[in-house]
There are 2 protein chains.
Amino acid sequence: MAERIGFIGLGIMGEPMCRNLMKAGYACTVNTRTKSRAEKLLSEGAVWSESPKDTAVKSDVIITIVTDTPDVEKVILGEGGIIEGISPGSVVIDMSTISPSATQTMAAALEEKGADMLDAPVSGGDTGAIAGTLSIMVGGRQDAFERCLPVFEAMGKSINLIGDHGAGQMTKLCNQVAVSVANLAMAEALILAAKAGLDMEKMLAAISGGAAGSWQLSNLAPRIIKRDFDPGFMVKLQQKDLRLVLGAASELGLGLPGASLAHQLFNAVEAAGEGDEGTQALVKSLERMSGVEVHG
Amino acid sequence: MAERIGFIGLGIMGEPMCRNLMKAGYACTVNTRTKSRAEKLLSEGAVWSESPKDTAVKSDVIITIVTDTPDVEKVILGEGGIIEGISPGSVVIDMSTISPSATQTMAAALEEKGADMLDAPVSGGDTGAIAGTLSIMVGGRQDAFERCLPVFEAMGKSINLIGDHGAGQMTKLCNQVAVSVANLAMAEALILAAKAGLDMEKMLAAISGGAAGSWQLSNLAPRIIKRDFDPGFMVKLQQKDLRLVLGAASELGLGLPGASLAHQLFNAVEAAGEGDEGTQALVKSLERMSGVEVHG
């Protein structure tokens, strides 16, 4: 018999992910902070539950995808939380991006109830959530992973068990380090070209195919030269993830000077009121610093 | 009638580039600082000339590929240099990576002799030089570019005229900014994973295909986890190029904090006696800083 799914958090990511589970035939009980966000899914056959506790009572696999570490802690460990309703043998899958060490603490608390936990943050954005093509980075026990693989497969394409509890979150943080510093690499190449008066499109055509090449250069640089700062991924969410990165670095005793620099430059972007723009707005920090603007 | 080529600088890049010109049917007159470096090409049909001046006297198109700005200045403007032997209507193509502003000064000096100049630095390394698949970034006049296109095509595949004198050099510097900061992005993702005890290969498999993806991540990270620091491109040459980048930024009044950080971390790599290793040795600077080593 298919797992009964509980789904908590119906934001820009959660709603389409839950829809894909329903399309794959899973019965879904849902809960989210603002009930009106659930209406569309309820009209499509999802069942409302009044609290995370209630969701856990009615489900075998409970998925959480909320904003940050304290939100997940509240949903799992708080009053009326999952831990009050969960049965032995159930699994909590947290697909938010949060602290790896907090994840380990929650996994231990759930284990005391006989329940299992997988951390399974995603990348691929809302387009990947809608298309069911997310990359899912998983931490936790092999048997829980194998049990939940069909659930993951309804939402994503590249699904990797990396290691024990927290390893999925840590991999996501490694991803965010690489993403944000590669963004800086792209932005600095553009700003040098702009200040020197180069033809941007010719410069990009000349360098994008070689050792300078990256997803950021191929996908974000063309938007910048059109002055398109619409969000694929918002600055304020990148900043939340960089705070997790720098928090983990601090816990581990690790220096990450490049990620730290990206975080500082993004602080200045947020200070200019551009936190809701896409991460390509990093270049604006460099533009203001040196009085130049990147144009096509 | 095909251009008579003069070729000055028969190092690890110049020798195979000159050989490809000869294979394409060009008669080549060669000069290099140490004559013994020319012996192989001379046995293959190249003709020795005693000085850059003498090379210029005997050639329609004179190619230079030497180490740094002062070397090119000496070869073109110095005693016994190209400028003393060049005829009106000839073209100097400098394929070294040097200062864009010094390039403009030399182009002006050659123009007074009725000669033209193209700056045409390359990327693709010695393997690209041997295979004739270099990327060539060109600055200078359109007519000179078109005249020399068959010469470039004997040595490279992606050949782009970017703009006026210096634009090829500036594009190469943009390339080096993107390369060195993308290298830092990759190194910081690896060092976080190592300190957290993640399985490196699983982590890389999970992040390399998405928004974190880059040439550096796909090509250099796998070498690092095998502790392979053999040079594709040497640290000391990357540093030479970063000095050009930071010099250009200073002339232009531009802040490049990421490229500057990469340069500083490479200083520490050089201080450890690793300047002849590949640029992936950047990670060693982070490793020593935080007392951790990246392994597969």
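Preceding this paragraph is the structure being described.
Bear in mind the structure is a predicted one, so any value in this text is a computation, not a measurement.

Turning to the overall build of chain A, a few remarks are in order. Along the backbone of chain A there are 15 helices and nine strands. Taken over the C-alpha trace, chain A has a radius of gyration of 21 Å; the compact-globule value for 296 residues is 19 Å, and the two agree within 12%. Counting the 296 residues in chain A, one finds 60% classified as buried. Intrachain contacts of chain A at a sequence separation of at least 6 include 66% that bridge at least 24 residues. Surface summary for chain A: the accessible area is close to 10900 Å², and the carbon and sulfur share equals 51%. Each charge sign in chain A was given a centre, from 25 positive and 35 negative side chains, and these centres are 5 Å apart.

In this description, an aromatic ring pair is defined by two values, namely the gap between the centres and the angle between the planes. All names here are of chain A. Here the structure, examined in full by the defined rule, presents two aromatic pairs over all chains. Judged by centre distance (6.2 Å) and plane angle (35°), the ring pair of Phe145 and Phe152 falls under tilted. According to the relative accessible area criterion, Phe145 is buried, its value standing at 8%. The positively charged end of Lys284 is found above the aromatic ring belonging to Phe229, 4.2 Å away from the centroid.

What follows is about the interface of chain B and chain A. Accessible area lost when the parts come together is the quantity often used to give the size of an interface. Across the boundary between the two partners, chain B contributes 51 residues, which contact 51 residues of chain A. Buried surface at the junction of chain B and chain A, summed over both partners, amounts to about 4300 Å²; 74% is from carbon and sulfur atoms. Between chain B and chain A we count zero salt bridges in total. On the surface where chain B and chain A come into contact, there are ten residue pairs in polar contact (both at pLDDT 80 or more). Within the residue set of the side of chain B that touches chain A, elements represented by two or more residues are strand S9 (156-163), helix H9 (167-195), helix H10 (200-207), helix H11 (215-219), helix H14 (257-271) and helix H15 (282-290) of chain B. If one sorts the elements of the side of chain B that touches chain A by residue count, H9 of chain B sits on top with 19 residues. Each residue belonging to the side of chain B that touches chain A can be placed in one class, and the counts come to 36 nonpolar, eleven polar and four charged.

Moving on, we come to the relation of the copies chain B and chain A. Once turned by 180° and shifted 0.0 Å along the axis, chain B lies on chain A with an RMSD of 0.1 Å. Look at the turn and shift together and you get a two-fold axis relating the two. No C-alpha of chain B lies nearer the rotation axis than that of Ser214 of chain B, which sits 1.9 Å from it. Most of the interface of chain B is mirrored in chain A: 100% of its interface residues are interface residues there too.

Turning our attention to the side chain of Asn183 of chain A. All names here are of chain A. With respect to the element layout, Asn183 can be found in helix H9 (residues 167-195). Of the residues examined, Asn183 reaches a relative accessible area of 0% and is grouped as buried. When neighbours within four sequence positions are excluded, Asn183 is seen to be in contact with Gln216, Leu220, Phe266, Thr279, Gln280 and Leu282.

Residues and elements named next belong to chain B. Per the counting criterion, the structure on display carries 32 salt bridges over all chains. Arg19 serves as the salt-bridge partner of Glu15, at 2.9 Å between the closest nitrogen and oxygen. Here Arg19 and Glu15 lie together in helix H1 (residues 14-23), a separation of four residues that amounts to about one turn. Between Lys284 and Glu274 there is a salt bridge, and its shortest N-O distance comes to 3.7 Å. Of this pair, Lys284 sits in helix H15 while Glu274 sits in the loop between H14 and H15, and the two are ten residues apart along the sequence. For Lys284, a relative accessible area of 11% translates into the label buried.

What follows deals with helix H6 (residues 100-112) of chain B. All names here are of chain B. Here H6 contains 13 residues, and its C-alpha end-to-end distance of 19 Å stays within 8% of the 18 Å for a straight helix at 1.5 Å per residue. Against the buried residues of H6 lie helix H4 (69-77), helix H5 (82-85), strand S5 (91-94), strand S6 (116-119) and H9. Gly114 lies just past H6 and shows a positive phi near 80°.

Let's shift gears to unusual backbone geometry. Excluding glycine, residues mostly have negative phi values, and the peptide bonds linking residues are mostly trans. Phi at Arg227 of chain A takes a positive value of approximately 55°, unusual for a residue other than glycine. Residue classification places Arg227 of chain A among the partly exposed residues on the basis of a relative accessible area of 25%.

All right, on to the nonpolar core then. If you look at the biggest cluster of nonpolar residues, it comprises 106 residues, and the most contacted ones within it are Leu190, Met203 and Val294 of chain A together with Leu190, Met203 and Val294 of chain B. The contacts of Leu190 of chain A, once residues within four sequence positions are left out, are Met200, Met203, Leu204, Ala221, Ile224, Ile225 and Val294 of chain A.

You can see Asp71 of chain B is positioned in helix H4. In this structure Asp71 of chain B touches Arg33 and Val66 of chain B, once residues within four positions along its chain are discounted.

All names here are of chain B. Remark: H9 packs on helix H13 (residues 235-252), axes separated minimally by 9 Å, with the N-to-C direction vectors making an angle of 115°. As the angle between them shows, H9 and H13 are arranged roughly perpendicular. Our pair here, H9 against H13, has a crossing hand that is left-handed. Where H9 abuts H13, its residues Met170, Lys172, Leu173, Gln176, Val177, Val179 and Ser180 lie against Gln238, Asp241, Leu242, Leu244, Val245, Ala248 and Leu252.

About the cut-offs
Residues numbered from 1 in each chain as written. Chains lettered and ligands numbered in written order. Predicted model: local features only at pLDDT ≥ 70, side-chain atom pairs only at ≥ 80, totals over all residues. Heavy atoms only, no water. Helix = DSSP H or I, 4+ residues; strand = E, 2+ residues; numbered from the N terminus. Rg over C-alpha atoms; globule rule 2.2 N^0.38 Å. Buried < 20%, exposed > 50% of the residue type's maximum accessible area, 1.4 Å probe, protein only. Contact = heavy atoms within 4.5 Å. Areas by Shrake-Rupley, 256 points an atom, 1.4 Å probe, with all protein chains shown as cover. Lys, Arg positive; Asp, Glu negative; His and termini not counted. Charge placed at Lys NZ, Arg CZ, Asp CG, Glu CD. Phe/Tyr/Trp six-rings, centres within 6.5 Å; stacked < 30°, edge-to-face > 60°. Lys NZ or Arg CZ within 6 Å of the ring centre and 35° of its normal. Buried area = accessible area lost by both parts, 1.4 Å probe. Salt bridge = Lys/Arg side-chain N within 4 Å of Asp/Glu carboxyl O. Polar contact = N/O pair within 3.5 Å; in protein donor to acceptor, adjacent residues only side chain to side chain. Nonpolar A, V, L, I, M, F, W, Y, C, P; charged D, E, K, R; others polar. Least-squares fit on C-alpha atoms with pLDDT ≥ 70 in both. Expected span 1.5 Å × (residues − 1). Core = buried A, V, L, I, M, F, W, Y, C linked by side-chain atoms within 4.5 Å. Axes fitted to C-alpha atoms, helices over the stretch in contact; angles between N-to-C directions. Parallel < 35°, antiparallel > 145°, perpendicular 65-115°, else oblique. Left-handed = near helix turned anticlockwise from the far one by under 90°.

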